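Structural characterization, general
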Amino acid sequence: NAGVTQTPKFQVLKTGQSMTLQCAQDMNHEYMSWYRQDPGMGLRLIHYSVGAGITDQGEVPNGYNVSRSTTEDFPLRLLSAAPSQTSVYFCASSYGTLYTEAFFGQGTRLTVV
Amino acid sequence: KQEVTQIPAALSVPEGENLVLNCSFTDSAIYNLQWFRQDPGKGLTSLLLIQSSQREQTSGRLNASLDKSSGRSTLYIAASQPGDSATYLCAVNSADKLIFGTGTRLQVFP
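Description of the structure in this document. (Residues numbered from 1 in each chain as written. Chains lettered and ligands numbered in written order. Predicted model: local features only at pLDDT ≥ 70, side-chain atom pairs only at ≥ 80, totals over all residues. Heavy atoms only, no water.)

With that settled, the discussion passes to the environment of Asn63 of chain B. All names here are of chain B. Note that Asn63 resides in strand β7 (residues 62-67). Separated by 61 residues in the primary sequence, Asn63 and Gln2 place their C-alpha atoms 24 Å from one another. A distance of 2.8 Å separates the side chain of Asn63 from the side chain of Glu56, its partner in a polar contact. (Helix = DSSP H or I, 4+ residues; strand = E, 2+ residues; numbered from the N terminus. Polar contact = N/O pair within 3.5 Å; in protein donor to acceptor, adjacent residues only side chain to side chain.)

Now the structure itself:
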């Protein structure tokens with residue numbers, strides 16, 4: 001099984017550029033989420049989705065958009081990249097939210113210059 | 001607001017030692033708690049999941065306990081090995097969100 005797949009693994013953007021981080025899972029999981037990981041701050045939730053067509057904001061949603069048109073895919077869009085968005089981004093999925101474990105992708109390391 | 005704290009932030013031990021990593025959380029209204037391992041430059045790997053109704057879970061040399069009323073969990077690693085070197089993260093599942101601690105960076109030297 002592929003599990004949770006994130007692309008790209010590395011990306012360098014210039015300030016003001018936009019891009020989409022891709023996340024796909026092949027486990028038929030309902031719940032998907034995006035986190036960013038910064039030194040000394042742990043993982044912080046950006047956006048999450050409890051199923052196709054449903055998304056909600058996490059702790060740090062500003063500057064990011066998401067959509068969930070299919071169960072498998074949950075892309076994260078940076079609208080106008082800023083240096084403060086330099087981080088490692090992780091996508092996660094789980095079958096549900098209440099009683100099941102979360103599976104994580106390998107991450108996307110983003111640098112905004 | 002749920003906050004998760006992990007102590008210590010870093011730990012360096014000789015091979016063979018038994019060790020305990022601590023995780024505390026401020027709001028006891030959780031669905032479950034999960035321990036993860038993260039190797040440098042990699043994603044997170046789930047180690048143990050404890051439901052709110054459970055007291056502990058075991059997997060091989062790992063044992064995790066949960067005291068929901070006091071807002072604490074511990075991860076016990078028996079007979080540590082150099083291959084256990086990694087960052088260990090705990091996360092509580094609270095209101096459809098996983099809230100993470102900042103992790104304990106463990107180094108086990110031969």
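Moving on, we come to the sheet that holds strand β7 (residues 64-66) of chain A. Adjacent strands of a sheet form backbone hydrogen bonds with each other and so pair up, either parallel or antiparallel. All names here are of chain A. Read from one edge of the open sheet, 4 strands run β1-β3-β8-β7, paired in antiparallel fashion. Across the chains shown, the open sheet's two edge strands, defined by having one partner strand only, are β1 (4-7) and β7. With direction set aside, neighbouring strand axes in the sheet form an average angle of 20 degrees. Here 3 bridges tie β7 to strand β8 (residues 76-78), and the two strands are oriented antiparallel to one another. Bridging from a neighbouring strand, Asn65 pairs with Arg77 of β8. (Pairing = 2+ DSSP bridges. Axes fitted to C-alpha atoms, helices over the stretch in contact; angles between N-to-C directions.)

Moving on: the nonpolar core. Ranked by internal contacts, the top residues of the largest apolar core, which has 22 residues, are Leu33, Trp35, Leu75 and Ile77 of chain B. Those residues within four positions of Leu33 of chain B in sequence are excluded, and the remaining contacts are Cys23, Phe25, Leu48, Leu49, Ile50, Leu66, Ser73, Cys90, Ala91 and Val92 of chain B. The next biggest cluster of nonpolar side chains, apart from the first, holds 18 residues, and it includes Trp34, Val66, Leu78 and Val112 of chain A. (Core = buried A, V, L, I, M, F, W, Y, C linked by side-chain atoms within 4.5 Å. Buried < 20%, exposed > 50% of the residue type's maximum accessible area, 1.4 Å probe, protein only. Contact = heavy atoms within 4.5 Å.)

A few words now on the state of the cysteines. Residue and element names in this part refer to chain A. This structure, assessed with the given rule, holds 2 disulfides over all chains. One disulfide bridge connects Cys23 with Cys91, the sulfur atoms lying 1.9 Å from each other. When the S-S torsion is -70 degrees, as for the bridge of Cys23 with Cys91, the disulfide is left-handed. Here Cys23 is found in strand β3 (residues 19-25), whereas its partner Cys91 is found in strand β9 (residues 87-94), with 68 residues between them in sequence. Taking the relative accessible area as the measure of exposure, Cys91 reaches 0% and is therefore buried. (Disulfide = S-S within 2.5 Å.)

With that settled, consider the interface of chain B and chain A. Taken together, the 21 residues of chain B in the interface contact 22 residues of chain A. Buried area between chain B and chain A, summed over both chains or domains, comes out near 1,700 Å², and the portion from carbon and sulfur atoms is 53%. Our count for the contact surface shared by chain B and chain A stands at 1 salt bridge. One salt bridge in this structure joins Lys1 of chain B and Glu59 of chain A, with 3.8 Å as the shortest N-O distance. Remark: the boundary between chain B and chain A carries 4 residue pairs in polar contact (both at pLDDT 80 or more). Looking at the side of chain B that touches chain A, the elements that each hand over two or more residues are β4 (32-38), β5 (44-51), β9 (86-94) and β10 (97-100) of chain B. For the side of chain B that touches chain A, the per-class residue count stands at 7 nonpolar, 10 polar and 4 charged. (Buried area = accessible area lost by both parts, 1.4 Å probe. Salt bridge = Lys/Arg side-chain N within 4 Å of Asp/Glu carboxyl O. Nonpolar A, V, L, I, M, F, W, Y, C, P; charged D, E, K, R; others polar.)

By the definition in use, this model includes 7 aromatic pairs over all chains. Each ring, one from Tyr35 of chain A and one from Phe104 of chain A, has its centre 5.8 Å from the other, and the planes form 40 degrees; the classification is tilted. Of this pair, Tyr35 of chain A sits in strand β4 (residues 31-38) while Phe104 of chain A sits in strand β10 (residues 103-104), and the two are 69 residues apart along the sequence. Classification of Phe104 of chain A as buried rests on a relative accessible area of 8%. Taken together, a centroid distance of 5.4 Å and an interplanar angle of 85 degrees make the contact between Phe104 of chain A and Phe36 of chain B edge-to-face. Taken together, the residues span two chains, with Phe104 of chain A in strand β10 and Phe36 of chain B in strand β4. The rings of Tyr35 and Phe104 of chain A together with Phe36 and Phe100 of chain B are connected pair by pair, giving a single aromatic cluster. (Phe/Tyr/Trp six-rings, centres within 6.5 Å; stacked < 30°, edge-to-face > 60°.)

Turning next to the pattern of salt bridges. Close approach of charged atoms allows side chains of opposite charge to pair. Going through the model one piece at a time under the given rule, you end up with 5 salt bridges over all chains. Linking Asp39 of chain B and Arg37 of chain B is a salt bridge whose minimum nitrogen-to-oxygen distance equals 3.0 Å. You can call Asp39 of chain B partly exposed: its relative accessible area is 26%. Each member of the salt-bridge network shares a partner with another, and the members are Arg36, Asp38 and Arg44 of chain A.

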